[in-house]
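As a plain string of letters, each chain reads:
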Amino acid sequence: MKSRTQVAIVGAGPAGLTLALLLHQAGIESIVLESRSRSYVENRVRAGVLEHGTVELLCSMGAGERLRREGLKHGGIALRFDGKDHRIDFEDLTSGKSVTVYGQQEVVKDLITALSSAGVPIAFEAPAIALGDLDGEHVTVRYRDAGGAEHTIEAGYIAGCDGFHGICRDAIPPGALTVYEHGYPFGWLGILAQSPPVSEELIYTNHERGFALVSMRSPTITRLYLQCPAGEELAAWPDDRFWTELRLRLDSDCGGPDVVTGPILQKGITPMRGFVAEPMRHGRLFLAGDAAHIVPPTGAKGMNLAIADVRVLARAFEAHYFKNDSSGLDSYSDTCLRRVWNTQRFSSWMTRMLHRFDGHAPFERRVQLAELRYVASSRPASQTLAENYVGLPFA
Ligand code: FAS
Ligand code: PHB
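Residues numbered from 1 in each chain as written. Chains lettered and ligands numbered in written order. Predicted model: local features only at pLDDT ≥ 70, side-chain atom pairs only at ≥ 80, totals over all residues. Heavy atoms only, no water.

1. Details of the overall build of the protein
Just so we agree on the cut-off: For helices the rule is a DSSP run of H or I covering at least 4 residues; for strands it is a run of E covering at least 2, with both sets numbered from the N terminus onward. Radius of gyration means the value over C-alpha atoms here, while the globule rule gives 2.2 Å times the residue count to the 0.38 power. Relative accessibility thresholds used throughout: buried, under 20% of the residue-type maximum; exposed, over 50%; partly exposed, between the two (1.4 Å probe, protein chains only). By the convention used here, residues are in contact when the closest approach between their heavy atoms is within 4.5 Å. Throughout, the Shrake-Rupley method with a 1.4 Å probe supplies accessible areas, and for residues the shown protein chains are the sole cover considered. Under this rule, positive means Lys or Arg and negative means Asp or Glu; His and the chain ends count for nothing. The location of each charge is read from NZ of Lys, CZ of Arg, CG of Asp or CD of Glu.
If you tally the helices and strands in the protein, you get eleven helices and 19 strands. Rg of the C-alpha trace for the protein: 21 Å, near the compact-globule value of 21 Å for 395 residues, within the 12% margin. Scored against the burial criterion, the 395 residues of the protein give a buried share of 56%. In the protein, the share of contacts with a sequence separation of at least 24, taken over all contacts with a separation of at least 6, comes to 71%. Accessible surface for the protein amounts to roughly 16,300 Å². Of this, 50% is attributable to carbon and sulfur atoms. Side-chain charges in the protein split into 41 positive and 46 negative, and the spacing between the mean points of these groups amounts to 2 Å.

In structure tokens form, the structure reads like this:
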């Protein structure tokens with residue numbers, strides 16, 4: 001592994017990998033450091049919905065061939081409340097835009113394949129352990145290789161793409177960052193199961209018993225979520241309880257839900273929170289993706305926002321290195337934060353509209369149902385949901 005590069009990228013998630021490929025295609029050298037194994041990151045089940053612009057970007061980078069072939073293009077979603085499904089027709093409301101259901105781990109596999117073919121170095125099982133000289137002429141990243149030996153990379157810049165629990169955000173001196181966060185009194189219990197999806201499109205359900213989301217990964221793999229209390233233990237949810245509760249929440253006048261049970265391949269609980277660290281730059285360190293922000297998954301935005309960040313960063317590095325223009329680097333944080341806060345707004349709105357809040361007074365519960373009925377019955381209101389869900393234009 002080389003010891004010098006132009007951009008050291010910490011983290012091989014959607015943000016780090018997309019950045020590495022964009023930089024390579026712009027003629028900029030990078031090295032990716034990833035603490036986990038290749039197998040681990042390629043099998044980590046997380047997000048599942050790609051915005052219209054994300055699909056177009058990945059395809060333009062040559063990393064979208066399998067996505068085009070295997071991804072499930074969706075022209076709308078359903079909101080289920082008052083015992084009925086209310087479809088939000090994206091293609092009608094956004095002049096033909098759609099989303100594609102394609103597991104995050106598949107995006108990661110495709111990006112790693114493209115980077116390996118391009119000869120871009122990715123060091124797996126190589127955690128970054130310290131960053132240095134963030135304000136100097138060059139920065140350093142100290143990492144530990146799979147054998148336990150420590151090494152130092154010198155770079156022009158560091159891209160901190162190491163997620164919410166990484167080290168890059170914490171490498172910024174105290175007082176230099178302002179953190180904004182909001183916690184919800186619930187989380188999502190999610191499963192991946194070997195069974196046919198309940199429906200062809202996603203169904204977001206606001207039921208008296210709580211929120212439920214029907215999603216999928218393929219015609220034979222279903223992805224399902226139930227709202228559960230914050231801090232819930234997985235042990236409280238044996239498989240049978242999950243399927244029983246799902247059926248109760250999906251019950252509607254449209255006839256019983258077509259829930260076909262099957263072997264559960266993965267089960268996990270994701271806390272529900274909003275988080276933003278500002279600014280997204282300190283000296284020669286740039287934060288991107290979950291390292292800088294977390295959005296509630298209700299809007300299906302986490303991965304898309306991470307990729308939007310690095311699209312801005314890659315263009316800024318290209319102008320810096322080839323046009324001697326650093327204005328993009330200087331405005332990177334402000335540019336990304338505009339999209340980040342709009343995404344927080346949308347994801348927060350979807351979360352408040354669709355989940356049951358124990359603290360809701362009857363008055364608030366009725367306002368929530370009125371919001372759902374308005375969104376479903378007003379074209380401008382449903383257009384607002386549709387244009388944000390498929391993804392607003394990139395900066
Ligand atoms: P990631 O967290 O994906 O990647 C960071 C990478 O950095 C990881 O591979 C990590 O191993 C590595 N790393 C960490 N520390 C390091 C170090 N010191 N050195 C080197 N590497 C290091 N979003 C949705 O839109 N829908 C969902 O349903 C959804 N479900 C989720 C479920 C879970 C359990 C989690 C945690 C997140 C979920 N998300 C979801 C959000 C998720 O998809 C993120 O937004 C997305 O992974 C962000 O990508 P990155 O910013 O690349 O961060
Ligand atoms: C998923 O399929 O994992 C998914 C879909 C929609 C969301 C969140 C997650 O809002």
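Having put the structure on the table, let's press on.
2. As for the sheet that holds strand E3 (residues 49-50)
Here is the rule: For two strands to count as paired, DSSP must find a minimum of two bridges between them.
The strand order across the open sheet built from three strands is E3-E7-E4, with neighbouring strands paired in antiparallel fashion. Looking at the sheet topology across the chains shown, the edges are occupied by E3 and strand E4 (72-74). The pairing of E3 with strand E7 (residues 99-101) spans two bridges and is classified as antiparallel. Looking at E7, one finds that Val49 is bridged to Val101.

3. Focus on helix H9 (residues 327-354)
The cut-off we apply is this: Expected helix span is taken as 1.5 Å per residue step, with the number of steps being one fewer than the number of residues. Throughout, bend refers to the angle between the axes fitted to the seven residues that end at a position and the seven residues that start at it.
Its 28 residues place the ends of H9 41 Å apart at the C-alpha level, agreeing with the 40 Å of an ideal helix rising 1.5 Å per residue. At Ser333, H9 shows its largest bend, some 40°.

4. Observations regarding the pattern of salt bridges
Our working rule: Basic side-chain nitrogens of Lys or Arg form a salt bridge, by our definition, when they fall within 4 Å of a carboxyl oxygen of Asp or Glu.
Within the structure shown, the criterion is met by 23 salt bridges. The salt bridge partner of Glu51 is Lys301, with a shortest N-O separation of 2.6 Å. Residue Glu51 is located in the loop between E3 and helix H3 (52-60), and its partner Lys301 is located in the loop between strand E19 (293-294) and helix H8 (302-323); the two are separated by 250 residues in the primary sequence. Each of the two residues, Glu51 as well as Lys301, counts as buried.

5. Some remarks on the site of ligand 1
Spelled out, the test is: One heavy atom within 4 Å of a molecule or strand makes the whole residue count as near it. Between N or O atoms, a polar contact is any pair within 3.5 Å; within protein, one atom must be a potential hydrogen donor and the other a potential acceptor, and residues adjacent in sequence are included only when both atoms are from side chains.
In the vicinity of ligand 1 there are 32 residues, among which Glu34, Arg44, Arg46, Gln104 and Asp290 approach most closely. The separation between an oxygen atom of ligand 1 and a polar side-chain atom of Glu34 is 2.7 Å. One of the side-chain nitrogen or oxygen atoms of Tyr225 is found 3.1 Å away from an oxygen atom of ligand 1. Secondary-structure elements contributing two or more residues to the shell around ligand 1 are helix H1 (14-26) and H8. For the shell around ligand 1, the leading source of residues is H8, giving three residues.

6. Describing the sheet that holds strand E13 (residues 203-207)
Going by this rule: Simply put, an axis is a line fit to the C-alpha atoms, just over the touching stretch for a helix, and the angle between two N-to-C directions goes from 0 to 180 degrees.
Read across the sheet, eight strands follow the order E6-E5-E13-E14-E15-E12-E16-E19 without closing on themselves; strand pairing throughout is mixed. Edge strands, defined here as strands with exactly one partner in the open sheet, are strand E6 (84-89) and E19. Summarising the sheet, strand E16 (residues 264-278) and E19 pair through two bridges and their orientation is antiparallel. The partner of Val276 across the bridge, within E19, is His293. Sheet strands touched by helix H7 (residues 239-250): strand E5 (76-81), strand E12 (178-193), E13, strand E14 (210-218), strand E15 (221-229) and E16. Its angle to E15, the strand with the most contacts, is close to 85°. Sheet strands touched by helix H10 (residues 362-377): E5, E6 and E13. Its angle to E5, the strand with the most contacts, is close to 145°.

7. Section: the packing of aromatic side chains
The following threshold applies: Aromatic rings from Phe, Tyr and Trp, with only the six-membered ring used for Trp, were paired whenever their centres fell within 6.5 Å, and each pair was classed as stacked if the ring planes differed by under 30 degrees, edge-to-face if by over 60, and tilted otherwise.
Scanning the entire structure with this criterion turns up 17 aromatic pairs. Ring centres 5.6 Å apart and planes at 80° place the aromatic pair Tyr180 and Trp341 in the edge-to-face group. Here Tyr180 is found in strand E12, whereas its partner Trp341 is found in helix H9, with 161 residues between them in sequence. A relative accessible area of 37% means that Tyr180 is categorised as partly exposed. On the basis of relative accessibility, which here comes to 35%, the residue Trp341 falls in the partly exposed class.

8. Some details on the domain arrangement of the protein
When the parts of a complex come together, some accessible area is lost, and that lost area is often taken as the interface size. The cut-off we apply is this: Note that domain bounds follow an automatic or database assignment of domains. When two components associate, each loses some accessible surface as probed by a 1.4 Å sphere; the sum of these losses over both components is called the buried area. Side-chain classes follow a simple rule in which Ala, Val, Leu, Ile, Met, Phe, Trp, Tyr, Cys and Pro form the nonpolar group, Asp, Glu, Lys and Arg form the charged group, and the remainder, Gly included, forms the polar group.
The domain boundaries assigned to the protein delineate domain 1 (2-75 + 99-181 + 273-350) and domain 2 (184-271 + 359-390). Relative to domain 2, the C-alpha centre of domain 1 lies at a distance of 29 Å. Summed over both partners, the interface of domain 1 with domain 2 buries about 2,000 Å², with 63% contributed by carbon and sulfur atoms. Our count for the contact surface shared by domain 1 and domain 2 stands at zero salt bridges. At the junction of domain 1 with domain 2, the criterion picks out eleven residue pairs in polar contact (both at pLDDT 80 or more). Elements supplying a minimum of two residues to the side of domain 1 that touches domain 2: H3, E4, E7, E16 and H9. Here the element with the most residues in the side of domain 1 that touches domain 2 is H9; it accounts for six residues. Grouping the constituent residues of the side of domain 1 that touches domain 2 by class yields twelve nonpolar, eleven polar and five charged.

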